[in-house]
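Descriptive structure summary
As a plain string of letters, each chain reads:
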Amino acid sequence: SDVRRLRFAPEDGLRVIARGRLNVYDPKGEYQIVCGHLEPHGWGARQLAFEQLKARLQAEGLFDAARKRALPLLPRRIGIVTSLDGAAIRDVLKVLRRRHPQAHVIVRPARVQGEGAAGDIARGLLMVAAVPGVDVVIVGRGGGSIEDLWAFNEEAVARAIAASPVPVISAVGHESDVTLADLVADLRAP
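The next subject is the nonpolar core. Grouped together as the largest cluster of nonpolar side chains are 34 residues, with contacts concentrated most on I121, L125, V137, V139, F152 and I161. For this core, the secondary structure elements donating two or more residues are helix 1 (45-59), helix 3 (117-129), strand 5 (134-141), helix 4 (155-163), strand 6 (168-172) and helix 5 (180-184). Considering each element in turn, this core owes the most residues, 7 residues, to helix 3. Contact partners of I161, with chain neighbours within four places excluded, come to R67, R69, L125, V139, V168, A181, V184 and A185.

Encoded structure:
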């Protein structure tokens, strides 16, 4: 039952650090370790889970250039999924006012870090993309640590971007930050 809580998929040959308790299997008189915690040795469980998910999504073709959609030249309605508290929303709105003031903007607030953020982002993406007349969706947040940006590395967000009926621009973090959302999106705008 503890395997369900792992962030990575155990594989044969993987070096791990296991914690548990020693037990004796009475019918055969054999010792066994009842493992309560398992983590990869040398890599963090989160990094391994990221690499495994990245490989799976790449194998499914979610990063392929052929599936990327062109952005509309002058979108009439632009959906934005981000936090209302961060600087990212102010930056995006400031640029839109300067470059394309006649665009209609629809903002769907979402938590962009912490527990439950990935689900909130994914739901927000699908909701704003379903609004009639929305031509493109921007999803993102400002910079931060890899932990702060982690919601954009979750499978739910990657699949929501891939399932969007309109093109998606990923605007996550700084130029050096690359998330799975960036790889799946039709355009990356750090």
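More follows now that the structure is in view.
Turning next to helix 3. Taking 1.5 Å as the rise per residue, helix 3 with 13 residues should run 18 Å; its terminal C-alpha atoms sit 18 Å apart, in good agreement. All buried positions along helix 3 are accounted for by A117, A118, D120, I121, A122, G124, L125, V128 and A129. Looking at the buried residues of helix 3, the elements they touch are strand 3 (77-82), strand 4 (104-109), strand 5, helix 4 and strand 6.

To continue, consider a positive patch on the surface. There is a patch of like positive charges on the surface, built from K94, R97, R98 and R99. By the secondary structure assignment, R99 is in helix 2 (residues 87-99).

As a further point, take the sheet that holds strand 3. One open sheet accounts for 5 strands, arranged 4-3-5-6-7; its pairing is parallel. Each edge of the open sheet is held by one strand with a lone partner, namely strand 4 and strand 7 (187-188). Where strand 3 and strand 4 come together, 6 bridges link them in parallel fashion. Pairing of T82 across the sheet is with P109, part of strand 4. Set on the sheet, helix 3 makes contact with strand 3, strand 4, strand 5 and strand 6; between it and strand 4 the angle comes to about 150°.

What counts, and at which threshold
Residues numbered from 1 in each chain as written. Predicted model: local features only at pLDDT ≥ 70, side-chain atom pairs only at ≥ 80, totals over all residues. Heavy atoms only, no water. Core = buried A, V, L, I, M, F, W, Y, C linked by side-chain atoms within 4.5 Å. Buried < 20%, exposed > 50% of the residue type's maximum accessible area, 1.4 Å probe, protein only. Helix = DSSP H or I, 4+ residues; strand = E, 2+ residues; numbered from the N terminus. Contact = heavy atoms within 4.5 Å. Expected span 1.5 Å × (residues − 1). Patch = residues over 30% accessible without salt bridge, like charges linked within 9 Å, V, L, I, M, F, W, Y side chains within 5 Å. Areas by Shrake-Rupley, 256 points an atom, 1.4 Å probe, with all protein chains shown as cover. Salt bridge = Lys/Arg side-chain N within 4 Å of Asp/Glu carboxyl O. Lys, Arg positive; Asp, Glu negative; His and termini not counted. Charge placed at Lys NZ, Arg CZ, Asp CG, Glu CD. Pairing = 2+ DSSP bridges. Axes fitted to C-alpha atoms, helices over the stretch in contact; angles between N-to-C directions.

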